[in-house]
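Chain and residue survey
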2 protein chains.
Amino acid sequence: MVSARRSLKNLKAYKPGKPVEELKRELDLKEVYKLASNEIPFVPAYIFKAVLSQIPQINRYPEASSHYVRQKLARTLKVKPDRLVFGNGSDELIVMTLRAFVEERDEVIIGTPTFLIYEIQSQVAGARIKKVPLRDYRYDLETIARAITKKTKMIFIANPDNPHGTYVTHEEVVKFLNKVPKNVLVFFDEAYFEFVMNKDYPRTLALLKTRKNIIMSRTFSKAYGLAGVRIGYAVCDPEVAQCLNNVREPFNIDRFAQACASAALDNYRFVEKVKNHIVKEKRYLYRELAKLNLEYIESVTNFILINFKKDTARLNEYLLRKGIIVRPLAEWGLPEFFRVTVGLHKENEAFIRHLKGFLKNK
Amino acid sequence: MVSARRSLKNLKAYKPGKPVEELKRELDLKEVYKLASNEIPFVPAYIFKAVLSQIPQINRYPEASSHYVRQKLARTLKVKPDRLVFGNGSDELIVMTLRAFVEERDEVIIGTPTFLIYEIQSQVAGARIKKVPLRDYRYDLETIARAITKKTKMIFIANPDNPHGTYVTHEEVVKFLNKVPKNVLVFFDEAYFEFVMNKDYPRTLALLKTRKNIIMSRTFSKAYGLAGVRIGYAVCDPEVAQCLNNVREPFNIDRFAQACASAALDNYRFVEKVKNHIVKEKRYLYRELAKLNLEYIESVTNFILINFKKDTARLNEYLLRKGIIVRPLAEWGLPEFFRVTVGLHKENEAFIRHLKGFLKNK
């Protein structure tokens, strides 16, 4: 056997939310509600034309530069096109950043618990990982700033955070950035940015204008409803973008993804509709959870973290048998918590109904 | 500015074949024939249904396991499903292999000239690259075997090779593998495998059964006509597959790619049709090139390497203005060669016509 890299030893595998198709296969269920992966419950109808437009060229490689979606996104965000880098979802942007900037044994600072991919991929990169616990379910930027050493190369900040649904403010971020040395890269993962209504949420694009050590990533997988096609983007200094492009596989963004993302930017009203739905349904869920005396964290995103105060394994099993997939968080070190994605009203109702059923029967 | 990794210094960027859309934009051309990126000139009509089937779930993440296409491919190849790893094109399989197995300063052996991504991505990985020149336009397995040292971790073999269109035989490969230590990984890139008609081409799947140090990659981008959707696969020992999956981004294969590849496996007759077309058109091109006294390398693939015996820059410019994109090879260190992909008959005719025009006018 050829030996794998040292950095792969004891690597935790990432276990994604259970797919609908898999649960249907396993339990022979007809109807399954997936409230596990923070997808929105709507299909963006406008992609139909975009998808069809690519079929006659499907035998041809996509444009390596993602030309059209790049031009359109640059106009939308009011940034120069050379500040944009596209990834096969935010996941690939995380990997590309590590591959371009982090040497083996460099220190990477990560919140804990947070989105698991930061740790897994930093470990693959051979980085030394320093974990700073969240405080009151929020990223603790002050402690993170104090944790920076000469060996620190990069800091991941999920804002809003997953699985907590909380965020750090513009003011907090500015204070934090003023303490970060210029040779340390800060990666702001704003995958859930579109859902945030709060006025004190960071204006990261403005912060980027005067700082070269920031990468901001966003995605079309969440609010835009395009998780199935895989496209995300980073905004950063053009020189940083060049480094990311240097390690990028030339055809990382396929034709359908480029066309769908381009159509998505022309149809922002869809996102507005989604946001309104989420706000309304979060209110419903908060109310029902309160009635059940369950503690939850108020969320600025499309998911809610619930403190079940006992191990959620049996609850999870129960819900799966009822055809409802939520996200148990034992892998995050939170065995007594679970995360539920805001779904359609009937899905949220079914979730609450079966949750009640479980609590009654226990 | 945050410093990039040392390994990125002096990195050559990969310059893909010029996209049709780009040339149309630049020269305001209506008709452009792309004979630059070894795509087949047919659109696989059977993907239509596969693509449509995914639209109603486009807001949902794809299955991380690529379940259906994995099961189908395993049956097709008669291998166990856990021997398969899917990549966002072969490119990603190359990157995943380097990320899983190659430590910084490990030695990687690469033929020269060959597919450029091996060198670029090995350099990103921080590997020491040892180049072994091809001999008579073919991979020189004997010299490669002799070049192996204690520091060698991995060897890339493009078979058939790109840009030469030549291959190494089963017998040569067996002899070679018998000389390769078990701790050295051999990556056989068989992207053009489907085009090969020769009976002495390696039976790599059989070789894989008794050897753990082989990764074989293939792709749906070439003979299957799915370059636009990005999916390739590796076959290897299950333990090696596990290492690749450990570094893989969970949702690297999008919904359309999984569905299209699955449909492709049900429609192998399409590939047979493609192969027959290529054989016929290669005969036409060989004949016409011979009439023009141009030297070419006989190819087992869908492209032909032409020895122009003088710098091809002016020829390339001339053809671009006529709306014909071929692949100049200066970046491969072959400024007097160019590569032409076998297209539709009318495309091949137009290529020959304009090639004649250039030769007359010079």
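Here is what the cut-offs are and how they apply
- Counting starts from 1 at the beginning of each chain's written sequence and moves along it residue by residue.
- Here chains are named by letter from A upward and ligands by number from 1 upward, in the order in which they appear as written.
- Thresholds applied to this predicted model are a pLDDT of at least 70 for local features of residues and 80 or more for the giving and counting of side-chain atom pairs; totals over whole chains, interfaces and linings are not thresholded and use all residues.
- Hydrogen atoms and water are omitted, and side-chain values are computed over all heavy atoms in the structure.
- The fit set for superposing copies consists of C-alpha atoms from residues with pLDDT of at least 70 in both; the fit itself is least squares.
- Should any heavy atoms of two residues lie within 4.5 Å, those residues are considered in contact.
- Accessible area is worked out with a 1.4 Å probe on protein chains only. A residue is then buried under 20% of its type maximum, exposed over 50%, and partly exposed in between.
- Starting at the N terminus, helices and strands are each numbered in turn, a helix being any DSSP run of H or I of at least four residues and a strand any DSSP run of E of at least two.
- Buried area counts how much accessible surface, traced with a 1.4 Å probe, disappears from two parts once they are put together, with both parts' losses summed.
- Take a side-chain nitrogen of Lys or Arg and a carboxyl oxygen of Asp or Glu: if they are within 4 Å of each other, that pair is a salt bridge.
- In protein, a polar contact means a hydrogen-donor-capable atom and an acceptor-capable atom, both N or O and within 3.5 Å, with residues adjacent in sequence counting only if both atoms are side-chain atoms; elsewhere, any N or O pair within 3.5 Å suffices.
- In the scheme used here, Gly and all other residues not listed as nonpolar or charged are polar, with Ala, Val, Leu, Ile, Met, Phe, Trp, Tyr, Cys and Pro taken as nonpolar and Asp, Glu, Lys and Arg as charged.
- What pLDDT reports is the predictor's confidence in each residue, on a scale of 0 through 100.
- At least two DSSP bridges between two strands are required for those strands to pair.
- Axis definition: a line fitted to C-alpha atoms, over the contacting stretch in the case of helices. Angles run 0 to 180 degrees between N-to-C directions.
- Here the aromatic set is Phe, Tyr and Trp, taking the six-membered ring for Trp, and pairing holds for ring centres within 6.5 Å; pairs whose planes are under 30 degrees apart are stacked, those over 60 apart are edge-to-face, and all others are tilted.
- A ring is considered to have a charge above it if a Lys NZ or an Arg CZ atom is located within 6 Å of its centre and within 35 degrees of its normal.
- Domain limits in this description derive from either an automatic procedure or a database domain assignment.
- Only four residue types enter the charge count, namely Lys and Arg as positive and Asp and Glu as negative; His and the chain termini do not.
- Given the number of residues in a helix, its expected span is that number minus one, multiplied by 1.5 Å.

At an RMSD of 0.0 Å, chain A and chain B line up after a rotation of 180° and a shift of 0.0 Å along the axis. Both copies of the chain, as the preceding transformation shows, are related through a two-fold rotation axis. A shared binding surface is used by both copies, with 100% of the interface residues of chain A retained as interface residues in chain B.

All names here are of chain B. Among all positions in helix H12 (residues 313–321), only Leu315, Asn316, Tyr318, Leu319 and Leu320 are buried. Taken together, the buried residues of H12 touch helix H1 (20–27), strand S11 (324–325), strand S12 (327–329), strand S13 (334–341) and helix H13 (345–361). One or two positions beyond H12, positive phi appears at glycine 323, with a value near 85°.

Quick look at the interface of chain A and chain B now. It is common to report an interface's size as the accessible area lost on association of the parts. With 82 residues of chain A in contact, the opposing surface of chain B contributes 82 residues. Across the interface of chain A and chain B, roughly 7200 Å² is buried in total on both sides, 57% from carbon and sulfur atoms. For chain A, the biggest contributors to the area lost against chain B are Met1, Val2 and Tyr61 of chain A; these three give 11% of the whole. Counting every contact that joins chain A to chain B gives 10 salt bridges. Between glutamate 39 of chain A and arginine 60 of chain B there is a salt bridge, with the nearest N and O atoms lying 2.9 Å from each other. Where chain A touches chain B, the interface holds 46 residue pairs in polar contact (both at pLDDT 80 or more). Sorting the residues of the side of chain A that touches chain B by element identifies helix H1 (20–27), helix H2 (47–54), helix H3 (67–77), helix H4 (90–101), helix H5 (117–124), helix H9 (238–247) and helix H10 (255–266) of chain A as the ones contributing at least two each. With seven residues, H4 of chain A is the single largest residue contributor to the side of chain A that touches chain B. Residues that form the side of chain A that touches chain B fall into these classes: 42 nonpolar, 14 polar and 26 charged.

All right, on to the confidence of the model for chain A then. With 100% of its residues at a pLDDT of 70 or more, chain A has an overall mean of 96. Confidence estimates for the predicted assembly give a pTM of 0.97 and an ipTM of 0.97.

Further remarks concern the side chain of arginine 218 of chain A. Looking at where arginine 218 of chain A falls in the secondary structure, it is placed in strand S7 (residues 214–219). Looking at arginine 218 of chain A, its side chain comes within polar contact range of the side chain of glutamate 190 of chain A, at 2.9 Å.

This paragraph deals with the sheet that holds strand S6 (residues 185–189) of chain B. Residue and element names in this part refer to chain B. Pairing is mixed across the open sheet formed by seven strands, whose spatial order is S2-S8-S7-S6-S5-S3-S4. Two strands bound the open sheet, and with one partner strand each, they are strand S2 (84–87) and strand S4 (128–133). Across the sheet, the mean angle from the axis of one strand to that of its neighbour is 20°, orientation sign disregarded. Pairing of strand S7 (residues 214–219) with strand S8 (residues 232–236), which is carried by five bridges, proceeds in the antiparallel orientation. Paired with isoleucine 215 across the bridge in S8 is cysteine 236. Contacts from helix H3 (residues 67–77) reach S2, S7 and S8, with the element oriented near 125° to S2.

Turning next to the packing of aromatic side chains. Going through the model one piece at a time under the given rule, you end up with 39 aromatic pairs over all chains. Considering the side-chain rings of phenylalanine 220 of chain A and tyrosine 233 of chain A, the 5.8 Å spacing of their centres and the 55° angle between planes classify their relative orientation as tilted. Pair noted here: phenylalanine 220 of chain A is in the loop between S7 and strand S8 (232–236) and tyrosine 233 of chain A is in strand S8, with a separation of 13 residues, a long-range link. Tyrosine 233 of chain A matches phenylalanine 220 of chain A in its accessibility class, with the two residues each being buried. With 6.1 Å between their ring centres and 70° between their planes, tyrosine 224 of chain A and tyrosine 268 of chain A make a pair best called edge-to-face. Within this pair, whereas tyrosine 224 of chain A is found in the loop between S7 and S8, its partner tyrosine 268 of chain A is found in helix H11 (residues 268–291), the two being separated by 44 residues in sequence. Relative accessible area serves as the criterion here: at 30%, tyrosine 268 of chain A is assigned to the partly exposed category. Through a chain of ring-to-ring contacts, three or more aromatic side chains come together here, namely Tyr14, Phe115, Tyr118, Phe156 and Phe187 of chain A. The side chain of lysine 310 of chain B reaches across the aromatic face of phenylalanine 308 of chain B, ending 5.2 Å from its centre. The ring of phenylalanine 303 of chain B has arginine 339 of chain B sitting right over it, with the charged end atom 5.5 Å from the ring centre.

Turning to the domain arrangement of chain A, a few remarks are in order. Residues and elements named next belong to chain A. By domain assignment, chain A separates into domain 1 (6–43 + 269–361) and domain 2 (47–266). For domain 1 and domain 2, the distance between their C-alpha centroids amounts to 25 Å. On the domain 2 side, the residues contacting the 35 residues of domain 1 number 31 residues. Interface of domain 1 and domain 2: buried area, both sides summed, is about 2700 Å²; carbon and sulfur atoms make up 67% of it. Counting across the domain 1 and domain 2 interface gives one salt bridge. Residue glutamate 104 is joined to arginine 6 by a salt bridge in which the shortest nitrogen-to-oxygen separation is 3.3 Å.

On to unusual backbone geometry, then. That bond from asparagine 159 of chain A to proline 160 of chain A is cis: its omega, 0°, falls within 30 degrees of zero. Relative to the assigned elements, proline 160 of chain A resides in the loop between strand S5 (152–158) and helix H7 (170–179). Looking along the chain, the bond that leaves asparagine 162 of chain B and enters proline 163 of chain B is cis, with omega of 20°. Along the polypeptide, proline 163 of chain B turns up in the loop between strand S5 (152–158) and helix H7 (170–179). The backbone of tyrosine 137 of chain A sits at a positive phi, close to 65°, despite the residue not being glycine.

Residues and elements named next belong to chain A. Examined against the element boundaries, aspartate 161 turns out to sit in the loop between S5 and H7. As a buried residue without a salt bridge, aspartate 161 has its nearest oppositely charged side chain in arginine 339, at a separation of 8.7 Å. In this structure the side chain of aspartate 161 is engaged in a polar contact, spanning 2.6 Å, whose partner is the side chain of threonine 114. Side-chain polar atoms of aspartate 161 contact the side chain of histidine 164, separated by 2.4 Å. Leaving out residues up to four positions away in the same chain, aspartate 161 has contacts with Pro113, Thr114, Phe115, Leu134, Tyr139, Thr166 and Phe303.

Another aspect to go through is the pattern of salt bridges. Under the defined criterion, the tally for this structure stands at 45 salt bridges over all chains. Between lysine 346 of chain A and glutamate 31 of chain A there is a salt bridge, and its shortest N-O distance comes to 4.0 Å. Here the residue lysine 346 of chain A occupies a position in helix H13 (residues 345–361), and glutamate 31 of chain A occupies one in the loop between H1 and strand S1 (33–34), the gap between them amounting to 315 residues. Under the relative-accessibility criterion, lysine 346 of chain A is labelled partly exposed at 45%. Across the salt bridge formed by arginine 135 of chain B and aspartate 140 of chain B, the nearest N and O atoms sit 3.2 Å from each other. Through salt bridges with shared partners, a single ionic network connects Arg5, Arg6, Glu104 and Arg105 of chain A together with Glu103 of chain B.

So, about H4 of chain A. Residues and elements named next belong to chain A. For H4, spanning 12 residues, the distance from its first C-alpha to its last is 17 Å, which sits close to the expected 16 Å at 1.5 Å a residue. Of all the 12 residues making up H4, 12 are buried; the element is thus mostly covered by neighbouring parts of the structure. Within H4, burial applies to Ser90, Asp91, Glu92, Leu93, Ile94, Val95, Met96, Thr97, Leu98, Arg99, Ala100 and Phe101.

We now examine the environment of asparagine 307 of chain A. All names here are of chain A. Along the chain, asparagine 307 falls in strand S10 (residues 303–307). Classification of asparagine 307 by relative accessible area gives buried; the value is 10%. Contact partners of asparagine 307, with chain neighbours within four places excluded, come to Tyr137, Glu295, Glu336 and Phe337. A polar side-chain atom of asparagine 307 sits 3.1 Å from the main-chain amide nitrogen of lysine 309.

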